[in-house]
Amino acid sequence: MTTAQRLRELAAWLTRHDLADGSVASRLEQTAEGLGRDRLMVAFVAEFSRGKSELINALFFAGHGRRIVPASAGRTTMCPTELAFDPDLLPSVRLLPIETRLEARPLAEWRSAPEAWTHLPLDLGNADQMARMLETVAQVRRVSQATARALGFWSEELAEENPVPGADGLVEVPMWRHALVNIDHPLLRRGLVVLDTPGLNAIGAEPELTVNLLAEAHATVFLLAADAGVTRSDLALWRDHLAPAEGSPEAGHSHLVVLNKVDVLWDQLSTPQQIQEQTERQRAGSAALLGLPPGRVIPVSAQKGLLARIKGDDALLHASGLPLLEEMLACDIVERRHAILHAAVTAGVARMRVEAARLLTMRRREVDDQMLELRGLRGKNANVIAGMRLRVEQEQREFDASEKRIQALRAVHQRMRHEAALLLRGNGDLPREFAVLLQALERPGLKLGARRAYDEAFAGVTARIAQAQDAAREIQAMLEASFRQLNAEHAFSLQVAPAPSLGPQVREIESVAQSHAHHAGLGNAFRLSQPQFAGRLVRALASRVQVVLDDAAAELENWSRAVAAPVDAQLRERRQGFVRRLEAIDRIQQAASGLGERVAELEAQTAELTELEAQVQAWVQLLATPPAVPALPPAEPALA
Ligand SMILES: Nc1nc2c(ncn2[C@@H]2O[C@H](COP(=O)(O)OP(=O)(O)O)[C@@H](O)[C@H]2O)c(=O)[nH]1
Ligand SMILES: [Mg+2]
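Quick caveat: nothing in here was measured; it's all calculated off a predicted structure. Here the residue index of a chain counts from 1 through its sequence in written order. Chain letters start at A and ligand numbers start at 1, both assigned in the order the entries are written. Owing to the predicted nature of the model, reporting of local features is limited to residues with pLDDT of at least 70; listing and counting of side-chain atom pairs is limited to 80 or more, with chain, interface and lining totals taken over all residues. Heavy atoms from the whole structure form the basis of all side-chain values; hydrogens and water molecules are not counted.

Chemist: Before we move on, can you summarise the overall build of the protein chain with the specific residues and values?
Modeler: If you tally the helices and strands in the protein chain, you get 21 helices and eleven strands. Projected onto its principal axes, the C-alpha coordinates of the protein chain cover approximately 110 × 60 × 45 Å. When burial is assessed residue by residue, the protein chain has 50% of its 640 residues classed as buried. Residue exposure ignores everything except the shown protein chains as possible cover, and the areas themselves are Shrake-Rupley values with a 1.4 Å probe. A total of about 29,700 Å² of accessible surface is found on the protein chain, and carbon and sulfur atoms cover 55% of it. The distance from the centre of the 72 positive side-chain charges to the centre of the 81 negative ones in the protein chain is 3 Å. Secondary structure follows DSSP: runs of H or I at least 4 residues long count as helices, runs of E at least 2 residues long count as strands, and numbering of each begins at the N terminus. Here's how the labels work: a residue is buried when its accessible area is under 20% of the maximum for its type, exposed when over 50%, partly exposed in between, all with a 1.4 Å probe on protein chains only. Under this rule, positive means Lys or Arg and negative means Asp or Glu; His and the chain ends count for nothing. By convention, the point assigned to a charge is CZ for Arg, NZ for Lys, CD for Glu and CG for Asp.

What follows is the structure, given as structure tokens:
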């Protein structure tokens, strides 16, 4: 049975035995649902022409018997390309025109606007047709320099990076902004998403790529090429966009570095020993430059690997280093998946256990109280029993009266909760700090102050999180006071779990700010002076920040809901308790034998509670060690 199935069974079991309020059961459901649908993104990043596309061909498309993604001199990926599998869509390539960059909408929004994309069908049985369709990611258009500048591909300041104008003065720019390839493959089927990116130039011009996509990727594969060595621009790309920010190693994010094209070292005149030594030297040298242990740099020949797969040449395949890379990649992915899964399950089960234990304790106390009450009735006459009935009714009336107060408490709590969430979620538009930043950047001549405006925007966001944290503490204090009173009056066992700390979110915001600060630095002033670039940058940052804010809001809301949920559960229990007690007294009044019967019933209930406690324990144990994530299949694709 899968962990997801187990969680669903647990949710059903809890509901059947009335052992979970709605929030616990529905979160278990959510966790189960999420386990089935986790997307894991692996981004292939490198300076242009290091062999990213060739490597993707070797890893994912060798089964088609030819190159599918364009990867040869002169046919190079011009737009970021995502490969994924969505069973609800036909195999296809979807392309977003580059002109969409002129509009304010971020990429994330374009994703849900299918009409903006050009759709091309893919014929999985026909490799040539597939390759032809995928050539579109290499397409370019010729535009005027003014248009190129508006699109972010032309600047006076960095002339050497500009495309070379033709005799007619026009320059080439990519035709598409983003490509989504929907294709069936065993790895993609399991939720893997592969991102192929163009080189540094394109990366610098498309903040969405670095701020959103790369930041969200679970793993990155950074490519170097043995023929080029580690160049200045390789290093810039690594330092600015990939190297984990100092002091904030992204938890679980894995970086693999591939040293590609090692076949250029396969010199006929050298001995295998010499070739091996040279490869090792280059591997160690590259690792040292990037600040990684040599073990994280994997020498590979994507080209020979692809060739070996197509020809079925095992010796060449082994020499290409591809199998080792696949193993490390699968290992990283499996580990990452395992970590996500384990954390989600552990959290869900811990909540379930607390909640179930609380309900069981309460039920037990009630059964014990009734037992005492009944034992006290033994041998008493009818008058005493009638008096007892009146007393229970009186208690019930008092209880009903206090429910009004609980209603009021609920309303206050709801309002406070809503306000705290609103503080974080904002009104769905650009967060206000970023609207201010954008205005500042658009003001001519403020480029020197760009970094200050940037820092202020992020400081504003962290201040907002701190405010929400205070609001959560207020909610906590309010509930603690109310619960103390309820516990005293009605012998409830209500407790307030401490409000979650939003420290991780603050740290994440700080790390986002730090990792992208270079965009606001002087070195990027020329780009910032283009209004479209500033707009794209700010929107990309804003949407990244909003993800963290939404996460903080969700955390607060979940906590807030979870602490309030036991109130309802205990009220319900108590109401049922009154009904049961009155029924028992009625039966005793009707027949003298009723008393012994009722005591036996209560004893059976006690036994049942003990049994339920044991079962909760068993569930906890069952889910404490989730079954090992099944290993991913080898990357050799099954022909569709
Ligand atoms: N010798 C050799 N050439 C390679 C290898 N991988 C890629 N190439 C070549 O390098 C060039 C750039 O490859 P491509 O995949 O388009 O690079 P990208 O820009 O990083 O996607 C192409 O001409 C490839 O054929 C390799 O392992 N060995
Ligand atoms: Mg490419």
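Chemist: Run through the nonpolar core, naming residues and quoting values.
Modeler: In summary, soluble globular proteins display a tendency toward joint burial of nonpolar side chains. Remark: nonpolar core denotes a set of buried residues (Ala, Val, Leu, Ile, Met, Phe, Trp, Tyr, Cys) joined through side-chain atoms within 4.5 Å. Counting 93 residues, the largest nonpolar core has Leu14, Met352, Phe434 and Phe458 as its most contacted members. Should any heavy atoms of two residues lie within 4.5 Å, those residues are considered in contact. When residues no more than four places from it in sequence are discounted, the contact partners of Phe458 are Phe434, Ile509, Val512, Ala513, Leu541 and Val545. Counting 50 residues, the second-largest nonpolar core is a separate cluster that includes Ile56, Val93, Leu95 and Val194.

Chemist: Tell me about the pattern of salt bridges, residues and numbers included.
Modeler: When a carboxyl oxygen of Asp or Glu is within 4 Å of a side-chain nitrogen of Lys or Arg, the pair counts as a salt bridge. On inspection of all chains with the given rule, the structure shows 31 salt bridges. Residue Glu366 pairs with Arg574 through a salt bridge whose shortest N-O separation is 4.0 Å. Here Glu366 is found in helix H14 (residues 322-377), whereas its partner Arg574 is found in helix H20 (residues 531-590), with 208 residues between them in sequence. Two residues, Glu456 and Arg452, come together in a salt bridge whose shortest N-O distance is 3.7 Å.

Chemist: Break down the site of ligand 1 for me, citing the residues and quoting the values.
Modeler: For this description, a residue counts as near a given molecule or strand if any of its non-hydrogen atoms is within 4 Å of it. Not every one of the 18 residues close to ligand 1 is listed here, only the nearest: Ser49, Lys52, Ser53, Glu54 and Asp263. Definition of a polar contact: a pair of N or O atoms within 3.5 Å, with one able to donate and the other able to accept a hydrogen when the atoms are protein atoms, and with sequence-neighbouring residues admitted only if both atoms are side-chain atoms. One nitrogen or oxygen atom from the main chain of Gly51 is found 2.9 Å from an oxygen atom belonging to ligand 1. In isolation ligand 1 exposes 570 Å². Once the protein is present, 89% of that is buried. Those elements giving two or more residues to the shell around ligand 1 turn out to be helix H3 (52-61) and helix H12 (302-311).

Chemist: Could you give me a rundown of the sheet that holds strand S8 (residues 192-196), with the residues and numbers involved?
Modeler: Read from one edge to the other, the open sheet built from nine strands follows the order S4-S3-S7-S2-S8-S1-S9-S10-S11, with strand pairing classed as mixed. Each end of this open sheet is capped by a strand with a single partner; those strands are strand S4 (118-121) and strand S11 (297-299). Strand-to-strand twist in this sheet, taken as the mean axis angle between neighbours without regard to direction, amounts to 20 degrees. Across six bridges, the pairing between strand S3 (residues 92-97) and strand S7 (residues 176-182) is antiparallel. When the sheet's bridge partners are listed, Leu95 is paired in S7 with Ala179. Angles run from 0 to 180 degrees between N-to-C directions of axes, and those axes are lines fitted to C-alpha atoms, restricted for helices to the stretch in contact. Sitting on the sheet, helix H10 (residues 232-242) is in contact with strand S1 (40-45), strand S9 (219-225) and strand S10 (254-260), with an inclination near 170 degrees to S9. We treat two strands as partners when DSSP finds at least two bridges between them.

Chemist: Could you give an account of the side chain of Asn182, naming the residues involved and the relevant values?
Modeler: Locating Asn182 in the fold gives a position in strand S7. Within the structure, the side chain of Asn182 is placed 3.1 Å from the backbone oxygen of Leu90, a separation counted as a polar contact.

Chemist: Before we move on, can you summarise the environment of Arg105 with the specific residues and values?
Modeler: Here Arg105 is to be found in the loop between S3 and helix H4 (107-111). Sequence separation of Arg105 and Arg539 is 434 residues, and the distance between their C-alpha atoms is 8.0 Å.

Chemist: I'd like a rundown of the side chain of Glu557, residues and numbers included.
Modeler: The residue Glu557 is located in helix H20 in this model. A distance of 2.6 Å separates a polar atom in the side chain of Glu557 from a polar atom in the side chain of Arg425. Ignoring anything within four residues of it in the chain, the contact list for Glu557 reads Ala421 and Arg425.

Chemist: Tell me about helix H18 (residues 503-516), and please be specific about residues and values.
Modeler: Two residues of an α-helix separated by three or four positions point the same way, owing to the 3.6 residues in each turn. Here H18 spans 20 Å end to end across 14 residues, near enough to the 20 Å set by a 1.5 Å rise per residue. Considered for burial, the residues of H18 that qualify are Gly503, Gln505, Ile509, Ser511, Val512, Ala513 and His516. Contacts from the buried residues of H18 go to helix H9 (207-216), helix H17 (450-490) and H20. Take the residue count of a helix, subtract one, and multiply by 1.5 Å to get its expected span.

Chemist: Give a description of unusual backbone geometry that names residues and reports values.
Modeler: Among all residues except glycine, the phi angle is most often negative; among peptide bonds, the trans geometry is most common. Located in the positive-phi region is Ser49, a residue other than glycine, with phi close to 75 degrees. The residue Ser49 is located in the loop between S1 and H3 in this model.

Chemist: So what's going on with the packing of aromatic side chains? Which residues, and what values?
Modeler: To pair, rings of Phe, Tyr and Trp, with the six-membered ring standing in for Trp, must have centres within 6.5 Å; the planes then decide the type, stacked if under 30 degrees apart, edge-to-face if over 60, and tilted in the middle. Under the defined criterion, the tally for this structure stands at six aromatic pairs. With 5.2 Å between their ring centres and 40 degrees between their planes, Phe222 and Trp238 make a pair best called tilted. You can see Phe222 sitting in strand S9 and its partner Trp238 sitting in helix H10, a full 16 residues away along the chain. Trp238 matches Phe222 in its accessibility class, with the two residues each being buried. By the ring-pair criterion, three or more aromatic residues cluster together here, those being Phe399, Phe492 and Phe578. Residue placement shows Arg105 over the ring face of Trp110; its charged tip is 4.0 Å from the ring centre. Placement of a positive charge over a ring is assigned whenever Lys NZ or Arg CZ falls within 6 Å of the ring centre and within 35 degrees of the normal to the ring plane.

Chemist: Talk me through helix H16 (residues 432-442); I want residue IDs and the actual numbers.
Modeler: Along H16, the residues that are buried comprise Glu433, Phe434, Leu437, Leu438, Ala440 and Leu441. For H16, the angular spread of buried residues about the axis comes to 160 degrees, placing them on one side. Every exposed residue of H16 that faces more than 90 degrees away from the buried side is listed here: Arg432, Val436 and Gln439. Directions from the helix axis toward the C-beta atoms define the arc.

Chemist: A description of the packing of H9 against H20 should follow, citing residues and the corresponding values.
Modeler: H20 packs onto H9 with a crossing angle of 15 degrees between their chain directions and a minimal axis gap of 8 Å. Here H9 is positioned roughly parallel relative to H20, judged by the angle of their axes. Helix-helix and strand crossings are classified by hand; for H9 and H20 the assignment is left-handed. Contacts between H9 and H20 involve Pro207, Glu208, Val211, Asn212 and Ala215 from the former and Phe533, Arg536, Leu537, Ala540, Leu541, Ser543 and Arg544 from the latter. When residue character is reported, Ala, Val, Leu, Ile, Met, Phe, Trp, Tyr, Cys and Pro are called nonpolar, Asp, Glu, Lys and Arg charged, and the others, Gly included, polar. Residues that form the contact of H9 with H20 fall into these classes: seven nonpolar, two polar and three charged. Any angle that is under 35 degrees is reported as roughly parallel, and any over 145 degrees as roughly antiparallel; angles of 65 to 115 degrees are reported as roughly perpendicular and all others as oblique. By convention, the crossing between two helices is left-handed when the near helix turns anticlockwise from the far helix through less than a right angle, and right-handed when the turn is clockwise.

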